[in-house]
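What follows is each chain in one-letter form.
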Amino acid sequence: MSVDQAVHGHVPPDPSVQADRPSLAKGVGAGVEAASRGDGPQLDRVVPVSARGWSGPRWLRRTVGPVVLLMLWQVFSASGVLEQDLLASPGTIAVTAGDLVSDGTLPSAMLVSLQRVAVGLLLGGVTGVVLALASGLSRLGEDLVDATVQMLRSIPWVGVIPLFIIWLGIGEAPKIALISLGVAFHLYLNVYAGIRGVDAQLVEAGTSLGLSRWGLIRHVVLPGALPGAMTGLRYSLATAWLALVFGEQVNADDGLGFLMNQAREFFRTDVIVVCLVVYAVLGLLADFLVRTLERLLLQWRPTFTGQ
């Protein structure tokens, strides 16, 4: 090879490589022909892990358990294993639910209970978030707030019902206060943990980029604490329904708890189960709303969804 060929990149082809090209092409062609005839190595189809097993609709799979439970319940009731005085059959409960809906008793009770939960959730949520922000964003706030909240949290919130009755009477106030108390503790703990769980390196990066304290809180701390806040909201909703059950036992003249108290006096297990089912449905609906809110607000966070 000459100097001019090396400089301009004109390198003559290697005769040995040229001689091997027909044999290489022949080998590739033979391999393709053998694969088409089925003589060559066969490739197995790769099936994702998530596609293995029963691939039916997910909503159908989630309804299998409740449907089986209802069928067994109906069979035991029809065979006499479950007496009607102890637990009404699903058919009887469905008829009772239809009667309560048709005469307006159940919708009215649901509306009253929903109002109590909404007001208690709002008051308790605002209180819990404000206390968590004060304690999580400032060491001084933590010293002033956290110890008191932790002390009050260790007291069973159901046990303060007598005090609420003495302080607030027997109207709507003690019921709403009880719901607010249970909600506030859950939101405080989760929001506080979310704030203190933010990566310190992210805070240092924001500081180095010139963010002010409010900028750090808005763009770094609060988004980092949002997953914990969503978890706290889900716990708070569950606690709100639980507190509602206890609160409506206090001299209630309307609501789902009032219906359950009346049904207990007359041994109406069908009405009691209807109210319990309504509590469960409302709880599932509230959880669905929070899950939807999580998907909207936490799109930036990839998570494991199961296999």
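Cut-offs used in this document
- Residues numbered from 1 in each chain as written.
- Predicted model: local features only at pLDDT ≥ 70, side-chain atom pairs only at ≥ 80, totals over all residues.
- Heavy atoms only, no water.
- Helix = DSSP H or I, 4+ residues; strand = E, 2+ residues; numbered from the N terminus.
- Contact = heavy atoms within 4.5 Å.
- Areas by Shrake-Rupley, 256 points an atom, 1.4 Å probe, with all protein chains shown as cover.
- Core = buried A, V, L, I, M, F, W, Y, C linked by side-chain atoms within 4.5 Å.
- Buried < 20%, exposed > 50% of the residue type's maximum accessible area, 1.4 Å probe, protein only.
- Salt bridge = Lys/Arg side-chain N within 4 Å of Asp/Glu carboxyl O.
- 1 Å grid on protein atoms, 1.4 Å probe; cavity = no way out; pocket = protein on both sides within 12 Å on 5 of 7 lines; lining within 4 Å.
- Points joined across faces, edges and corners; volume = space filled by probe spheres on them.
- Nonpolar A, V, L, I, M, F, W, Y, C, P; charged D, E, K, R; others polar.

Here's the deal with the overall build of the protein chain
- Secondary structure assignment for the protein chain yields 12 helices and 0 strands.
- Secondary structure of the protein chain in N-to-C order comes out as α-α-α-α-α-α-α-α-α-α-α-α.
- Put simply, of all contacts in the protein chain between residues at least 6 apart along the chain, 71% involve residues at least 24 apart.
- Looking at the protein chain as shown, the accessible area adds up to about 19,900 Å², and 67% of this sits on carbon and sulfur atoms.

Let's talk about the nonpolar core
- Among the nonpolar cores identified, the biggest contains 45 residues, and Leu106, Leu178, Ile179, Trp241 and Leu256 are the most heavily contacted of them.
- At the level of elements, helix H4 (90-102), helix H5 (105-137), helix H6 (139-153), helix H7 (161-168), helix H8 (173-196), helix H10 (213-247), helix H11 (256-265) and helix H12 (269-297) are the ones that each hand at least two residues to this core.
- Apart from the residues lying within four places of it in its own chain, the contact partners of Leu178 are Trp157, Val158, Val160, Ile161, Phe164, Ala243, Phe246 and Gly247.

Brief notes about the pattern of salt bridges
- One pass over the full model with this rule turns up 6 salt bridges.
- Overlapping salt bridges bring together Arg116, Glu172 and Glu248 as one network.

Topic: the layout of surface pockets
- The calculated volume of the second largest pocket comes to roughly 420 Å³.
- Around the second largest pocket, the lining is made up of 14 residues, and of these Gly136, Leu137, Val203, Arg213 and Val221 lie nearest the centre.
- When contributions to the lining of the second largest pocket are tallied by element, the ones reaching two or more residues are H5, H8, helix H9 (200-208) and H10.
- Broken down by element, the residue count for the lining of the second largest pocket peaks at 4 residues, all from H10.
- Each residue belonging to the lining of the second largest pocket can be placed in one class, and the counts come to 8 nonpolar, 2 polar and 4 charged.

Shape is all these values report; function is a separate question.
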